[in-house]
Amino acid sequence: LNYRRMPSLLEYLSYNCNFMGILAGPLCSYKDYITFIEGRSYQLQQSEANGKEDTKYEQTDPSPNIAVAQKLLICGLSLLFHMTITKTLPVEYNIDDNFRATASWPVRFFYLYVSLMAARPKYYFAWTLADAINNAAGFGFRGYDKNGVTHWDLISNLRIQQIEFSTSFKMFLDNWNIQTALWLKRVCYERATFSPTIQTFILSAIWHGVYPGYYLTFLTGVLMTLAARAIRNNIRHYFVDSPAVKLCYDIITWMATQVAISYTVVPFVLLSVKPSFTFYSSCYFCLHVASILVLLVFPLKRTQKGSKKHESIQPAWSKKLEEQHLLQKNSYSTTNNSFSQKQEITCRYQALKQ
């Protein structure tokens, strides 16, 4: 997402103070924003999505009306859920003395999950509304699929279905606060010379604010992320051959992921140190201990600074571009002058990345 020309003062202030994202975002890259302002987003996204100009969609600009209506419906449902169900399932009840003394462990973990699930719709409401506002202004068009259906999720900040059915810690994080995660990846994770995961989580905590609960959540998140990565790298390949076994594995990892996420973000909601430690001590810091034991037992593979790390949080449209160019590269390699053509494709690919 490099942009080689220094923006003017007007462009800089327009990007930072535009009315669509001044209150709640979502964060977008300067390149995407200035492309939209200059009226080039429709042509560029269409060319990127199809690989070449397609006259089928050149008659009219894509309409955001359906996407905006769908997102406003999600906003309404999320707000309704928050104003009704969330009130009856407070997160604070997890540290209630009577509840901790009388409820069994399965009941406590089940309430932990449902109470944190009920706390998410307020974020769904705010981020989806911000996305709908940008779409209503014409910003956020990502391109057409093979059936000619428009996609307005270029700057979407979450994917609700993937969040609720995530089967790994990484999958949850990749679909939650997406644009901020991309920003953290570019400014910290890719530039860190050591322990990029730890540095990125600490920066994220500082970025969120000064409440101690944020730091407890993100420091716990470091342990959970590293432990989940170690388990996935060392045992997942044993369960992917048989569809039935993989289904069982996915169900178990979904349950474990949802409990781990809920356990991790309790301090994020409670904010203060005392209630957060009350909750963790009532659970005997069980998942903290389990994560440390996992890291001691299973070897943790080093993260590659190249393609693997790039793939972990890469936008879908960028992955699609790479797939198209790889197909072009394979087709050109069969010709007599393959060497020169490969050079040309590499240059074009680098230009597109910029």
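Keep in mind it's a predicted model, so treat the numbers as computed, not measured.

**With respect to the nonpolar core**
In summary, soluble globular proteins display a tendency toward joint burial of nonpolar side chains.
Alright, step 1. The biggest cluster of nonpolar side chains holds 20 residues, and the ones touching the most others in it are Leu-112, Tyr-263, Val-266 and Phe-279.
Alright, step 2. Only α6 (105-119), α7 (121-136), α9 (169-174), α13 (243-270) and α14 (273-282) provide two or more residues apiece to this core.
Alright, step 3. For this core, the leading source of residues is α13, giving five residues.
Alright, step 4. Mapped onto the domain boundaries, this core takes at least three residues apiece from domain 1 (1-46 + 61-156) and domain 2 (159-301).
Alright, step 5. The contacts of Tyr-263, once residues within four sequence positions are left out, are Leu-112, Thr-220, Met-224, Phe-279, Tyr-280, Cys-283, Phe-285, Cys-286, Leu-287 and His-288.

**Here's the deal with α6**
Alright, step 1. Between its terminal C-alpha atoms α6 stretches 21 Å, which fits the 21 Å expected from 15 residues at 1.5 Å a residue.
Alright, step 2. Within α6, the full set of buried residues consists of Arg-108, Tyr-111, Leu-112, Tyr-113, Val-114, Ser-115, Leu-116, Ala-118 and Ala-119.
Alright, step 3. Lining the buried residues of α6 we find α4 (65-88), α5 (97-102), α7, α13 and α14.

**Side note on the UniProt feature "transmembrane region" (unreviewed entry) in the chain**
Alright, step 1. Under the present numbering, the feature "transmembrane region" (unreviewed entry) in UniProt falls on residues 213-231, 251-273 and 279-300.
Alright, step 2. Secondary structure within residues 251-273 divides into 91% helix and 0% strand; the distance between the first and last C-alpha atoms comes to 33 Å.

**Some points on the packing of helix α12 (residues 212-235) against helix α15 (residues 286-297)**
To characterise two packed helices, one gives the angle between the axes of the helices and the distance between these axes.
Alright, step 1. Close contact between α12 and α15 brings their axes to 9 Å; oriented N to C, the two are set at 45°. Comparing the axis directions of α12 and α15 gives the class oblique. Crossing of α12 over α15 shows left-handed handedness. On the side of α12, the interface is formed by Thr-220, Leu-223, Met-224, Leu-226, Ala-227, Ala-230 and Ile-231, while α15 contributes Leu-287, His-288, Ser-291, Ile-292, Val-294 and Leu-295.
Alright, step 2. Here the residues of the contact of α12 with α15 sort into ten nonpolar, three polar and no charged.

What counts as what
- Along each chain, residue indices are assigned from 1 in the same order as the chain's sequence is written.
- Only residues with pLDDT of at least 70 are given local features in this predicted model, and only at 80 or more are side-chain atom pairs given and counted; all residues enter the totals for whole chains, interfaces and linings.
- Hydrogens and water molecules were not included; the side-chain quantities draw on all heavy atoms of the structure.
- Nonpolar cores are built from buried Ala, Val, Leu, Ile, Met, Phe, Trp, Tyr and Cys residues. Side-chain atoms within 4.5 Å join them into one set.
- In this scheme, a residue with accessible area under 20% of its type's maximum is buried, one over 50% is exposed, and one in between is partly exposed, where area comes from a 1.4 Å probe on protein chains only.
- Helical segments are the DSSP runs of H or I of at least four residues, strand segments are the runs of E of at least two, and each set is numbered from the N terminus.
- The split of the chain into domains comes from an automatic or database domain assignment.
- Two residues form a contact once any of their heavy atoms are found within 4.5 Å.
- In this scheme, a helix's expected span is set at 1.5 Å multiplied by one less than its residue total.
- UniProt positions are given in the numbering used here, feature names are shortened, and annotations may be inferred rather than shown by experiment.
- Simply put, an axis is a line fit to the C-alpha atoms, just over the touching stretch for a helix, and the angle between two N-to-C directions goes from 0 to 180 degrees.
- These descriptions rest on fixed angle ranges, namely under 35 degrees for roughly parallel, over 145 for roughly antiparallel, 65 to 115 for roughly perpendicular, and the rest for oblique.
- Each crossing gets its handedness from the near helix: less than a right angle anticlockwise from the far helix is left-handed, clockwise is right-handed.
- Asp, Glu, Lys and Arg are counted as charged, while Ala, Val, Leu, Ile, Met, Phe, Trp, Tyr, Cys and Pro are counted as nonpolar; the rest, among them Gly, fall into the polar class.

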